[in-house]
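# Structural description and commentary
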Amino acid sequence: MNWLFTTDRPIYVQIVELIQRMILSGFYPMGSSIPSVRVLALEAGVNPNTMQKALAELENMGLLHTMRSSGRVVTTDQWLIMQLRDGIVNNYVENYFSGMLSLGFDRNAAIEQFWTKANGDAVFDSDLDATTETDFADSDRTEEPTEV
Amino acid sequence: MNQVNPAYPLLQTQNLTKTFGNITALYNVNIIVPPGRIIGLLGPNGSGKTTLIKLVSGLLTPSDGQIWINGIAPGPKTKTLVSYLPDKLYFDSWMKVRDCVALFADFYTDFDRSKATDMLTALGVDLKQSFRSLSKGTQEKVQLALVMSRQALLYLLDEPIGGVDPASRDYILETIIRNYNEQGTVIISTHLIYDIERVLDDVIFLMNGMIERVSSVDEIRYQTNKSVDEVFREVFRC
Amino acid sequence: MLKLIKYELKATARIFLIAYAALIVVSIFSAVTGASSQNSTSGMITTQGQVISSILYSLASIIFVILSMGVTVVTMIIFVTRFYRMFGSEGYLWFSLPVTANQHLICKVLVALFWTITSFNVLLGCAFMQIASVAGIGFFYELADLWKSIVYQGMHPVLWIVCFMILSLSSITTSIMISYAAIAIGPSMVKSRFGGTMLAGLLIVICTQFVSRIMSTFTSNTLAQLMDQLNRISSNAAFSAALDDVFVYTTVVSSLMSVIVSVALYILAHHFMSKRLNLA
């Protein structure tokens, strides 16, 4: 896992987000135990206190539980995980809309753009092979909400 | 092993001042340091970082003010609690690496000999080599390995990453994180903040011998949305 | 503190053992060539082999003398430099150890004394070896006779030797303490550590000279009296007693002074090492 941090926000906040990704992507599956604070801190190249803070935060959120014998364990609460995923997806969507808004597209126009691009029907690429799909289309497909 | 006496802060200075003739290296420094932290002592060259560290290690005596390490003034007793890494090379020319290890083992009861030898082997250092025959970078790492193999309450590292290539810097930071006694505190003095920021809990800014600010790294980032490195550059802009 | 001594000895042993080895080798060489260059009966050089031997012998003797001087000088230099370096970069190691200033000082003084005494013994041994082989055993018989006759006359050469040893020891100790005190005070005096040390050394020497002048005014009378006594005596028994008095008195006064000065300097050095340490 690539622990890349930006410098403008507290590190522990960024770690929280990164670990959330790891949980959602199945890198740390539900119910599995995660490495100790020390090991994680070393891997991430951060202060163990910082890592501890992040893990405590994740515990507060209910995503991690401390088991007396096996350290910290990812929650098995599916609903919670879905909530988490949903929250992040919402963020992506809102980001999309605000980005498009700054380009002059209102919400509906933004949705239209989205469908067009996502289905590979690029306005200028009608002469090209059907196999040329943009990366953009791929990454969005998995998280595609059903927008009405 | 050494235990922190909870009745006293790990390190406290009160009105600490040090003058060398006409020059005031430190003036009125008041700090309280708790255990369990990694703290950066940051400031430009000549701001008094090394002076402060040497005072705490007992290599300098204060011109004014007091120092207490877990309630005790600097002396032989505190030297068992403090592990100091200067930015100088300090081993005698006759010493082989294993002599250096033996010296530490002889005088420091909290020294973990096997940990030290493991680290040295990992560095590719032959214990039978003479210290002087190693490259400068390796010598510095050997000193670091010895210092970090102690279960001290207070680690004072003076410019451990200065003048070192980036890969070595990572190695050094990793060594620090991996080996320090979590009951204790590490104080790292440096003027290279960018590399070290992610490892620090708190920072002390030292300017012209006086404390400019004391803050946690998170606080600085929250309040300014900038890295400590950037804030430092602003504060210390010539 | 024992550990400190161990390390100190380890650090210095190398140089000394090499020096001693060199000295001994040259002595052996000189002894052998000396012996072989002599004709046992007439003491005259006759054969060609003896000529060569005698040349080699002269060479060896010269080298021996030079080496001996070298060893004495080196002995002193080593202690001073080691102590001086302890206040430089190496100090970061030594002064970080959980060891009191007293332990550091005592260790350094003891080791210095140890090597000084050992060096002296080695020199003496080598000299004897050479004399024995060149002059033959007969020389020692003559020496023993001389000794007996001295004793027979009622004098006490043992006493003189003891006095001499005490005197040398105390003066060596004082010189060591003067250098150590100067080194300990040096860094706190002037910006340049070297300059400060020299300055401190100068001041200390001036002070000790001053003190000894004062002391001599007190003691000169008594000494003069004793010397006077010596001149006026005729009988052997009384003469030797008077001579002993002179020796003893001088020794006691000198060494007492040395001891007092050394102790004062020790306290000074200790103060600067514990309360006024300023490692560059």
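Residues numbered from 1 in each chain as written. Chains lettered and ligands numbered in written order. Predicted model: local features only at pLDDT ≥ 70, side-chain atom pairs only at ≥ 80, totals over all residues. Heavy atoms only, no water.

### Structural notes on the side chain of Thr208(C)
- With respect to the helices and strands, the residue Thr208(C) is situated in helix α7 (residues 193-232).
- Apart from residues no more than four positions distant in its own chain, Thr208(C) is found in contact with Ile178(C) and Val261(C). (Helix = DSSP H or I, 4+ residues; strand = E, 2+ residues; numbered from the N terminus. Contact = heavy atoms within 4.5 Å.)

### Notes on the nonpolar core
- Leu11(B), Phe91(B), Leu146(B), Met148(B), Phe87(C) and Met273(C) are the most contacted members of the largest nonpolar core, which has 132 residues in total.
- Among the elements that take part in this core, helix α4 (residues 101-135) of chain C stands out by supplying 11 residues, more than any other.
- In this structure, this core is formed jointly by two domains, domain 1 (1-136) and domain 2 (137-280) of chain C, each of which donates at least three residues.
- One finds Val13(A), Ile19(A), Ala41(A) and Leu84(A) within the second-largest nonpolar core, a separate group that totals 30 residues. (Core = buried A, V, L, I, M, F, W, Y, C linked by side-chain atoms within 4.5 Å. Buried < 20%, exposed > 50% of the residue type's maximum accessible area, 1.4 Å probe, protein only. Domains from an automatic or database assignment.)

### Focus on helix α5 (residues 136-148) of chain B
Residues and elements named next belong to chain B.
- Between its first and last C-alpha, α5 extends 18 Å over 13 residues, near the 18 Å set by a 1.5 Å rise per residue.
- The element α5 is largely enclosed, with a buried count of 10 among its 13 residues.
- Among all positions in α5, only Thr138, Gln139, Lys141, Val142, Gln143, Leu144, Ala145, Leu146, Val147 and Met148 are buried.
- The inward-facing, buried residues of α5 abut β5 (82-85), α3 (97-107), α4 (113-122), β6 (154-158) and α6 (166-179). (Expected span 1.5 Å × (residues − 1).)

### Observations concerning the side chain of Ser96(C)
- Here Ser96(C) shows up in the loop between α3 (91-94) and α4.
- Beyond its immediate chain neighbours, meaning those up to four positions away, Ser96(C) contacts Leu59(B), Lys79(B), Tyr84(B), Tyr108(B) and Gly91(C).

### Let's talk about the pattern of salt bridges
All names here are of chain A.
- Inspection of the entire model under this criterion finds 20 salt bridges over all chains.
- When the shortest N-O distance is used, the salt bridge between Arg72 and Glu59 registers 2.8 Å. With Arg72 in strand β2 (residues 71-74) and Glu59 in helix α3 (residues 48-60), the pair connects residues that are 13 residues apart, well separated along the chain.
- Among the residues examined, Glu59 registers a relative accessible area of 27% and is labelled partly exposed. (Salt bridge = Lys/Arg side-chain N within 4 Å of Asp/Glu carboxyl O.)

### Considerations on the sheet that holds strand β4 (residues 64-69) of chain B
All names here are of chain B.
- Spatially, the three strands line up as an open sheet ordered β2-β1-β4, and their pairing is antiparallel. Both outer strands of the open sheet, β2 (23-33) and β4, are each paired with one neighbouring strand and no more. Taken over all neighbouring pairs, the strand axes of this sheet differ in orientation by 20° on average, direction set aside. (Pairing = 2+ DSSP bridges. Axes fitted to C-alpha atoms, helices over the stretch in contact; angles between N-to-C directions.)

### Some words on the sheet that holds strand β7 (residues 185-190) of chain B
Residue and element names in this part refer to chain B.
- On the basis of which strands lie adjacent, the open sheet formed by six strands has the order β5-β6-β7-β3-β8-β9 and mixed pairing. Taken across any chain shown, the strands that pair with only one partner, and hence form the sheet edges, are β5 and β9 (210-216). Strand after strand, the sheet turns through a mean of 15° between neighbouring axes, direction not considered.
- Pairing analysis gives six bridges linking strand β8 (residues 202-207) to β9, with the strands arranged antiparallel. The partner of Met207 across the bridge, within β9, is Met210.
- On top of the sheet, helix α1 (residues 49-57) reaches β3 (38-42), β5, β6, β7 and β8; it is set at about 145° to β6, its chief contact.
- The strands touched by helix α8 (residues 228-235) are β3, β8 and β9; relative to β8, the strand with the most contacts, the crossing angle is about 15°.

### Description of unusual backbone geometry
Residues and elements named next belong to chain B.
- Phi is positive for Asn15, which is not a glycine, with a value near 50°.
- Counting through the fold element by element, Asn15 comes out in strand β1 (residues 11-20).
- With a phi close to 55°, Asn225 is a non-glycine residue in the positive phi region.
- Relative to the helices and strands, Asn225 is located in the loop between α7 (217-224) and α8.

### Here's the deal with the domain arrangement of chain C
Residues and elements named next belong to chain C.
- Its domain assignment divides chain C into domain 1 (1-136) and domain 2 (137-280).
- Computed over C-alpha atoms, the centres of domain 1 and domain 2 are 23 Å apart.
- With 26 residues of domain 1 at the contact, the number on the domain 2 side is 25 residues.
- With both chains or domains summed, domain 1 and domain 2 bury close to 2,400 Å², and 78% of this area falls on carbon and sulfur atoms.
- When residues of domain 1 are sorted by the area they lose upon contact with domain 2, Tyr84, Phe87 and Leu105 head the list and together hold 29% of the total.
- Our enumeration of links across domain 1 and domain 2 arrives at zero salt bridges.
- Summed over the shared surface of domain 1 and domain 2, the result is three residue pairs in polar contact (both at pLDDT 80 or more).
- Put simply, the parts of the chain that give the side of domain 1 that touches domain 2 at least two residues each are α2 (48-85), α3 and α4.
- It is α4 that provides the largest number of residues to the side of domain 1 that touches domain 2, a total of 15 residues. (Buried area = accessible area lost by both parts, 1.4 Å probe. Polar contact = N/O pair within 3.5 Å; in protein donor to acceptor, adjacent residues only side chain to side chain.)

### Considerations on the interface of chain A and chain B
- Residue-level contacts link 21 residues of chain A with 21 residues of chain B.
- Summing both partners gives a buried area of about 1,700 Å² for chain A against chain B, and 45% of it is carried by carbon and sulfur.
- It is Thr7(A), Arg38(A) and Leu42(A) in chain A that bury the most area against chain B; as a group they hold 34% of the surface buried on that side.
- Between chain A and chain B we count two salt bridges in total.
- Among the salt bridges present, the one from Arg38(A) reaches Glu182(B), with a minimum N-O distance of 2.5 Å.
- Summed over the shared surface of chain A and chain B, the number is 16 residue pairs in polar contact (both at pLDDT 80 or more).
- Listing elements by their share of the side of chain A that touches chain B, those giving two or more residues are α1 (11-24), α2 (37-44) and α3 of chain A.
- A per-class count over the side of chain A that touches chain B returns 10 nonpolar, seven polar and four charged. (Nonpolar A, V, L, I, M, F, W, Y, C, P; charged D, E, K, R; others polar.)

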